[in-house]
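# Descriptive analysis of the structure
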Amino acid sequence: MMGRRRVLTYYLILTTLVISLYYYIGIGDYINTLNIEDEFHYPLDVDIKPLIEDMKAGREPSIAPINVYPYNFMTTIDKCRGKPVDLLILVKSAMEHFDLRTAIRDTWGKENNLMDETVRVLFFLGVTDESNSALQKKVDQEITFYNDIVQIDFIDAYYNNTIKTMMAFRWAYDHCDEARYYLFSDDDMYISVANLLDYTNFHERSAYSVYDDATKANTVDTDKSKALFAGFVFKSRPHRYLGSKWRVSLDEYPWNKWPPYVSAGAYVVSNNVLKSLYLGSMFVKHFRFDDIYLGIVAKKAGVTPVMCEEFYFYKKSHPMTSYKKVIASHGFDDPKELITVWRHWN
Ligand SMILES: *[C@@H]1O[C@H](CO)[C@@H](O)[C@H](O)[C@H]1NC(C)=O
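In the annotation of an unreviewed UniProt entry, the chain is listed under the name Hexosyltransferase and assigned to Plutella xylostella. A UniProt comment under Subcellular location (unreviewed entry) is attached to the chain, and it reads "Golgi apparatus membrane".

Put into structure tokens, the structure is as follows:
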């Protein structure tokens, strides 16, 4: 027979274990989570589509924006003047990644690589909390030399990623609102601009033609051909366990699944989708993960993310497999590797 004290100790240990599991793994959160299929809502709890349409038409929206980032562009740059731009590439970069930016300028970011299409490339950087640092001085030199950097006065940190992304959206909306497509990319990506443009051109042509049952003929659906938000689409659930870099509390997001969202490494949006997402974001509460935030805004704005298998959110192995059709591949944080692979396939 166990002594009374031992039984008590066992109970104590068991209870502690259960309670820590409940909180650590987030079982409580899983139990209390809401079902996204039931009717998704996320603040502001209004239909944002008419508000977007109002703003696109230059009318005052009936509700005032709730989410406007109070940051400024520190560099003025005129990338989209002159020739109509087919593709604007917005690269989210970290201040200290000089070598990656150089490698991108030498490979997929070379602006006059293609004969027929006009491509422009810009890097988006935040700042450090030390405005006079050696790092900032080096970035200042780079800005003067290349004239392809937009620096924004927020402190660059992982959980500030949404700020960088949405400020890049703002830049595109304010200073380059007539490009046909916009590619958002991280600075550790392999990109094939030629394959991307093949994909967008194909989308435009095929979406144009829609078979109409009533008239038994193909009709033209211009809205569809002009709407694109594509990349690697995830359908996943929030992490609830403590200690996860991606843990999200129920207060922050109460639903059991994320809306479909496109991996942040690289994605392409068409002109009118860029505007819908940017204007829509003003009415959607900030969320610190940028890819999920855009998924939420897209859902509320009525934009459906499109899965494109040629966007790899991991590093597609090489040289064992072909990069012939790859549009984007993640994990190129070694500039030499990027240059080698890119030269081989382009
Ligand atoms: C994000 O940027 C803001 C504005 O610069 C800053 O106050 C905040 O500390 C930054 N967040 C992190 C996690 O560094």
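Next comes the rest of the description.
Moving on, we get to the pattern of salt bridges. Following the criterion strictly, the structure yields 18 salt bridges and no others. Between Lys49 and Asp47 there is a salt bridge, and its shortest N-O distance comes to 3.4 Å. Residue classification places Asp47 among the partly exposed residues on the basis of a relative accessible area of 45%. Among the salt bridges present, the one from Glu111 reaches Arg120, with a minimum N-O distance of 3.7 Å. Put simply, Asp86, Glu117, Arg180 and Glu204 are held in one network by salt bridges that share partners.

So, on to the domain arrangement of the chain. Here the chain is described as being made up of domain 1 (2-31) and domain 2 (49-345). Summarising the inter-unit geometry, the C-alpha centres of domain 1 and domain 2 are found 46 Å apart. Between domain 1 and domain 2, the contact holds six residues from the first and eight residues from the second. Of the roughly 570 Å² buried between domain 1 and domain 2 on both sides combined, carbon and sulfur atoms contribute 55%. Summed over the three residues of domain 1 that lose the most area to domain 2, namely Tyr24, Asp29 and Tyr30, the buried surface amounts to 79% of that side.

The rules behind each value
Residues numbered from 1 in each chain as written. Predicted model: local features only at pLDDT ≥ 70, side-chain atom pairs only at ≥ 80, totals over all residues. Heavy atoms only, no water. UniProt positions renumbered as here; feature names shortened; annotations may be inferred. Salt bridge = Lys/Arg side-chain N within 4 Å of Asp/Glu carboxyl O. Buried < 20%, exposed > 50% of the residue type's maximum accessible area, 1.4 Å probe, protein only. Domains from an automatic or database assignment. Contact = heavy atoms within 4.5 Å. Buried area = accessible area lost by both parts, 1.4 Å probe.

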